[in-house]
Amino acid sequence: MHTIEGISNEAAGENSYITVKTKWHEGDIEAFKTAYVTKLQELYGESLANTSNLDKYQALVILLKEQIAEGWIQSKEQQRTSGSKQVYYFSIEFLLGRLLGSMLYNLGLTEVCKKALNELGIELGVLEQAEEDPGLGNGGLGRLAACYLDSMAANGLFGYGCGLRYRYGLFEQKIMRGYQHEYPDNWLIDGFPWEVRRPDESVEVRFGGTVEKKVNGKVCFVHENYQSVLAVPYDVPVVGHNNNVVNTLRLWSAEAQLEELAVCEPSRKDCHKAIWYSQEVADITNILYPDDSTYAGKRLRLKQQYFLVSAGVKSIIRSFKKNNGHFRELADKVAIHINDTHPALAIPEIMRILMDEEGVEWTEAWKITTRTISYTNHTVLPEALEKWPVELMQSLLPRIYIIIQEINEYFCHELWQQYPGEWDKISSMAIIANGQVFMAHLAIAGSHSVNGVAKLHTEILKTKVMKNFYEFQPDKFSNVTNGVTHRRWLAQANPLLTELLNDTIGTGWLQYPCDLAHLLKHADDTGFQHYLLRVKLQNKVALAKYIKDKYNISVDVRSIFDVHIKRIHAYKRQLLNALHIMSLYNRLKENPGLDITPRTFIFGGKTAMGYFAAKKMIKLIHEIAAVVNNDPAILDKIKVVFLENYNVSLAELIIPASDVSEQIPTAGYEASGTGNMKLMMNGAVTIGTLDGANIEIKNAVGDENIITFGLTADEVMAYYQDGGYNPWDIYQSDEAVRMVLDQLVNGFFPVSRDEFAVLYESLLNQGDHFFVLKDFAAYCGAQSRVDEKYKNQAEWLKMCCYNIGNAGKFAGDRTFSEYAVDIWEMVPHNEAHCYCKTDDAFAASVAGCHQKLNQLWQ
C-alpha cells in the first residue's frame, strides 16, 4: 500500500509520473566511478589527486544535474501537456540549506555515491561541507518555503517556487568579545552549480516614469520615461523523493539592459550615468532585506518586491498564453500563492497585465485575479504588517499605484454596501489610508483565500488583528498549520535515528510520515528506549566535538542539552532564558551541592543589524557564559554556549542532539514556529508557552509529554487592554528576580554598568512589554519539572518517543496537501502522502490514504 513506483506513461496513462532512466543503482559502483572521474577531468583538466575538495564537489553536482536533466525536461513537458493546474509559490526568501545531500537522498543515490566515492578515496561528507549554504533566506519564512518546495515535488504536484537570486545573503555573523558583527555573506563567490541561467526567458521590469491616460475609443494607460531593468531567471531543480518528479525554483536576478548602457557619443558624463544605472540595477537583487530605516532603503525594498512579482507574473502569463485559451481559465490552470505580504504587489501586477496588455475589462480582470491569488499571513506583529508611503509607491510604481487606487475604491464601495455610514470601520479596512498603502489589506482584498499558520494564530487573526475583514468575508479565512519536511529534518539530518526507526517500525513513514505513529506501541519498550538513548548520545557527542573544536569549550554529553535556536528578538524571549540561567547560577553559588542534572544551554540566532536591544541580548548571553563556564565552584553543573552564524547546516547538527526545545515566546506573538516541529521530530521535549503550534504539539503528544507554562494569549491581551500589571511589584516581591536584575547593572559582569541598561529599563521602567518577569517564576518552575522528569530516564525516553511518534502531523507533506486540496483545488497525480484535516484522522482526503489514528494501534 505504501509504495509508489515510477511507471511509464504507456503503462499508467496520461497522468502518471514520468520515469527517469536512472544510470546508477546499488550495484553500479564502477559505472558511477567512471562517470565521476571522467566528469572531473573534463571540467578541470586535472587528475583526481590534483583537484580540490571544491572541484570534486562541483564535478559531482554537474554529474547529478545531468542525471536530473531528463526527468526535469520530461516533468516540464508533462506540465505543459497534461493540463494540470500548477502552483506558483511566491516568497521573498527560500532558505534551502545545502542541496547535495537532499538531492542524493531524493534521487535514491546516497549509498551508491558514498560507496563509489569511498573507493576513490573521497568522503561524501567532506564534499557536502564544501557546499555553501545558499544565501537566499533568513529564518522561518524562508525555511518554510523551502520545505514546501520539497513537499510539492514529493506529492507529485506540478509547480514553481518564485524568488530572488540574492548576490549576498543577509549577513555572516561573527561574534567578537560577545558582540555581533556583520560581514557580507558572499555565498556565490565560487558559483552555484545547481542553477541554470535562462537568458532566453528574461523579461523587462519597469520603474518610475510617468503614466498618461489616453482615450481613443477605449481608455488606455501609456507608461513613459521609465527605468528598464532586465529580469533574468536562474532555475534550480527541485527533485521529488523517489517519484521522478522534478519541479523548479526560479530565482530572478536584476541586470542592466544593454541598450540602456549604450552611449552614442562617449563622454565622462555618459560613462558615469551608465555606471550609476548599472549599480542601481544590481542593487535590486544584491542583498536580502536591505536596511529600510532610511527612505532610500524603503525605496529599494519596494523595488525589490515589485521586481519579484512583475518578473514572476509576466513569466506565468507568458507560459499560460502558450498552452491555454482565454484568461477566464487562468484560475483553473494557475494558482499563485503569496507567502506573507512581500509579494502582495502580484495582485495589481496581474491586473495591469490583463488590462493594459491583454485588453481584459476591469471587473473581469479583478474576478480573474482574486480567483488566482491566495495569501498566507505569518505575523500579528504590527511592525511586520507592511505599509508603504503613498508618495513612494506613486513615484516608483506609477501605474501600479493607479490600479491600487482603483482596487481601493472598488473594495471600499463593497464595504459601504455592507456597512453604510460606518466611516471608521471602512477607513480601518481601506487599502489606502492616512498616506499609506496597507499591504495586508491589499492581500486580503485581492485573494480568494487567507490563512493563518496555526490554530491560535488564525483565531487571533479572525478575532483581533483582521477581525473586520473576517466578519466581512468569513469564508475567505482558514487555518493551515505549518509543517516541515521530515525527509530533510529527520531522515537526512538524523541518520542514526532514521536507522532505528526503520528497524523498529519499517520504512513506510518515509513515504507516509503519519506512520510514525506506529512508534507509540514501543514507547514503554525498554529495549527500544536503550537504543533511542544511544542514538541521542551519539548525536550529542558529534555536537560536543563541534563545540570543542570551534570554541574550545568542553560540554558534558551526559548533561541536558537545552537548545534555544531562533532569531534574537524581544518577543522570542531569549532574555527569559538568560535570566533563568543567572538565577540557577546564583542558586549553585549559594549551594554547590544542589541536586540538579547538569545542563548545557545552547543558543543560536542572528538579529537585525540595527536592533540595538537584541544585540545587547547576544552580549549578555556571552557575558553569562564567561562567568558560568569559568567558575569551578559550580562543578561544571551548567555550561552556556552561543553558536555563531546559525544557519540550516548548523541546525542539522544541533537539532538531532537536542534534549530540550525552548519555545518560549510571549503568548499570542509567535504565529506558529517550525523549529518546535523539527526538534520534536528528533525526540526533543518542548518547554513552551501556549502559543503558535506549541498548542497543537501539546494536543498531539498529550499534556504529559510537553512542559508548558506562563500566561495565555487571552491573559496577555487582557493585560494590554485592562492594565493591572506592574513589573516593579514582581521586582519588590521576588528575591530571585531582584537579584538577577540588579546583576545586570551593579557591576556583577566585568563590563560598564550601563552595558545592559537597555534590557534593565525594558523590564522595569518600560513596562515589561513581553511579560518576561510576569512569566519568570512559572518558567523557573517548568525548568524544575524538566530536571525532575529527566532524572527518570524511562519516563523521559517515553516522552521523547511520544514526540517522535506524533511528529507526522507536522510534516510538510500534510501541510502542502491541505494547501493543494483545500485552497488551490489541485488534484495530486497519485494519492496524497498525508492529509490530516482533523485531529482524529491522520489522512482523509478524496485523493489520500484513509487511515485513522486508532487504526494505527491495530
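The preceding data block contains the structure.
Parameters and conventions
- Residues numbered from 1 in each chain as written.
- Predicted model: local features only at pLDDT ≥ 70, side-chain atom pairs only at ≥ 80, totals over all residues.
- Heavy atoms only, no water.
- Helix = DSSP H or I, 4+ residues; strand = E, 2+ residues; numbered from the N terminus.
- Rg over C-alpha atoms; globule rule 2.2 N^0.38 Å.
- Contact = heavy atoms within 4.5 Å.
- Areas by Shrake-Rupley, 256 points an atom, 1.4 Å probe, with all protein chains shown as cover.
- Lys, Arg positive; Asp, Glu negative; His and termini not counted.
- Charge placed at Lys NZ, Arg CZ, Asp CG, Glu CD.
- Buried < 20%, exposed > 50% of the residue type's maximum accessible area, 1.4 Å probe, protein only.
- Pairing = 2+ DSSP bridges.
- Phe/Tyr/Trp six-rings, centres within 6.5 Å; stacked < 30°, edge-to-face > 60°.
- Lys NZ or Arg CZ within 6 Å of the ring centre and 35° of its normal.
- Axes fitted to C-alpha atoms, helices over the stretch in contact; angles between N-to-C directions.
- Left-handed = near helix turned anticlockwise from the far one by under 90°.
- Nonpolar A, V, L, I, M, F, W, Y, C, P; charged D, E, K, R; others polar.
- Polar contact = N/O pair within 3.5 Å; in protein donor to acceptor, adjacent residues only side chain to side chain.
- Salt bridge = Lys/Arg side-chain N within 4 Å of Asp/Glu carboxyl O.

Go over the overall build of the protein with me, naming the residues and quoting the values.
Across its full length, the protein holds 35 helices and 23 strands. Its C-alpha atoms give the protein a radius of gyration of 28 Å, within 12% of the compact-globule value 29 Å for 858 residues. On the principal axes, the C-alpha backbone points of the protein span a range of 90 × 70 × 65 Å. A fraction of 75% describes how many contacts in the protein between residues 6 or more apart in sequence connect residues 24 or more apart. On the protein, roughly 33100 Å² of surface is accessible, and the fraction owed to carbon and sulfur atoms is 50%. For the protein, the distance from the average position of its 84 positive side-chain charges to the average position of its 105 negative side-chain charges is 1 Å.

With reference to specific residues and values, describe the pairing of strand β10 (residues 246-256).
Within β10, 10 of the 11 residues are buried, which leaves it mostly tucked inside the rest of the structure. Both strand β2 (residues 159-164) and β10 contribute to a ladder of five bridges, which runs parallel. Across the sheet, residue Leu 164 finds its bridge partner in β10, namely Trp 252. For strand β9 (residues 227-239) and β10, the ladder comprises 11 bridges, and the chain directions are antiparallel. In the sheet register, Tyr 234 faces β10, and the bridge partner there is Leu 251. In this structure, the hairpin formed by β9 and β10 is closed by a connection of six residues, where Asn 242 is found at a positive phi of approximately 55°.

Break down the pairing of β9 for me, citing the residues and quoting the values.
With respect to burial, β9 is a largely interior element, 12 of its 13 residues being buried. When strand β5 (residues 196-197) meets β9, the two strands line up antiparallel, connected through two bridges. If you follow Arg 197 over to β9, its bridge partner there is Tyr 234. Relative to β9, strand β6 (residues 203-207) runs antiparallel, the two being bridged by five bridges. Across the sheet, residue Glu 204 finds its bridge partner in β9, namely Leu 230.

Describe the packing of aromatic side chains, listing the residues and the values that go with them.
Taken as a whole and judged by the stated rule, the model has 29 aromatic pairs. Within the aromatic cluster, the residues linked to one another by ring pairs are Tyr 89, Tyr 148, Phe 816, Tyr 819 and Trp 824. The ring of Trp 72 is capped by Lys 76, whose NZ or CZ atom sits 4.5 Å from the centre of that ring. One Lys or Arg, Lys 540, reaches over the ring of Phe 561 and ends 4.8 Å from the middle of that ring.

Residue-level account of the sheet that holds strand β18 (residues 560-565), with values.
With parallel pairing, six strands are arranged side by side in an open sheet as β20-β19-β18-β21-β22-β23. Lying at the two open borders of the sheet, with one neighbouring strand each, are β20 (638-643) and β23 (707-708). Of the strand pairs in this sheet, β18 and strand β19 (residues 599-604) are connected by six bridges, and their pairing is parallel. From the neighbouring strand, Asp 562 faces β19, where its bridge partner is Phe 601. Sheet strands in contact with helix α25 (residues 612-628) are β19 and β20, and its direction is about 145° off that of β20.

Lay out the packing of helix α3 (residues 53-82) against helix α4 (residues 100-107) in plain terms, naming residues and giving numbers.
Look at α3 against α4: their axes get within 11 Å of each other, and the N-to-C directions meet at 35°. Crossing geometry of α3 relative to α4 is assigned as left-handed. For the pair α3 and α4, contact is made by Tyr 57, Leu 60, Leu 64, Gln 67 and Ile 68 and by Leu 100, Met 103, Leu 104 and Leu 107, respectively. Residues of the contact of α3 with α4, tallied by class, amount to eight nonpolar, one polar and no charged.

Any chance you could break down the environment of Phe 469 for me, citing the residues and the numbers?
Tracing the backbone shows Phe 469 in helix α19 (residues 467-472). Taking the relative accessible area as the measure of exposure, Phe 469 reaches 4% and is therefore buried. Here the alpha-carbon distance between Phe 469 and Val 660, two residues 191 residues apart in the chain, equals 39 Å. Excluding residues that lie within four positions of it along the chain, Phe 469 makes contacts with Phe 411, Met 429, His 441, Ile 444 and Phe 477.

Talk me through the side chain of Asn 482; I want residue IDs and the actual numbers.
Position of Asn 482 relative to the elements: it lies in the loop between β17 (477-479) and α20 (486-492). In this structure Asn 482 comes out as buried when scored by relative accessible area, which is 4%. Side chain to side chain, Asn 482 and Ser 672 meet in a polar contact 3.4 Å long. Filtering out sequence-adjacent residues up to four positions away, Asn 482 remains in contact with Leu 144, Tyr 148, His 378, Val 453, Ser 672, Gly 673, Thr 674, Met 677, Arg 814 and Thr 815.

Describe the sheet that holds strand β13 (residues 387-389), and please don't skip the residues or the numbers.
As summarised here, the arrangement of the three strands in space is β13-β15-β14, forming an open sheet in which the pairing is antiparallel. The sheet is open, and its two borders are formed by β13 and β14 (432-433), each paired with just one other strand.

Tell me about helix α13 (residues 362-372), and name the residues and values.
Within α13, burial applies to Trp 362, Ala 365, Trp 366, Ile 368, Thr 369, Thr 370 and Thr 372. Close packing links the buried residues of α13 with α11 (330-333), β11 (334-339), α12 (346-357), β12 (373-376), α15 (398-418) and α17 (439-445). The backbone nitrogen of Thr 363 has a side-chain oxygen 3.0 Å away, supplied by the residue at the start of α13, namely Glu 361.

How would you explain the pattern of salt bridges if you had to name every residue and give the values?
Under the defined criterion, the tally for this structure stands at 45 salt bridges. Notably, a salt bridge pairs Lys 589 with Asp 631, separated by 3.0 Å at the nearest N-O pair. Note that Lys 589 is positioned in helix α24 (residues 574-590) and Asp 631 in the loop between α25 and β20, a separation of 42 residues in sequence. Residue Asp 787 pairs with Lys 791 through a salt bridge whose shortest N-O separation is 3.1 Å. In this pair, Asp 787 and Lys 791 are both assigned in helix α33 (residues 776-791), four residues apart and thus about one turn of the helix distant. Taken together, the salt bridges that share partners define one network made up of Arg 198, Glu 201, Asp 235 and Arg 250.

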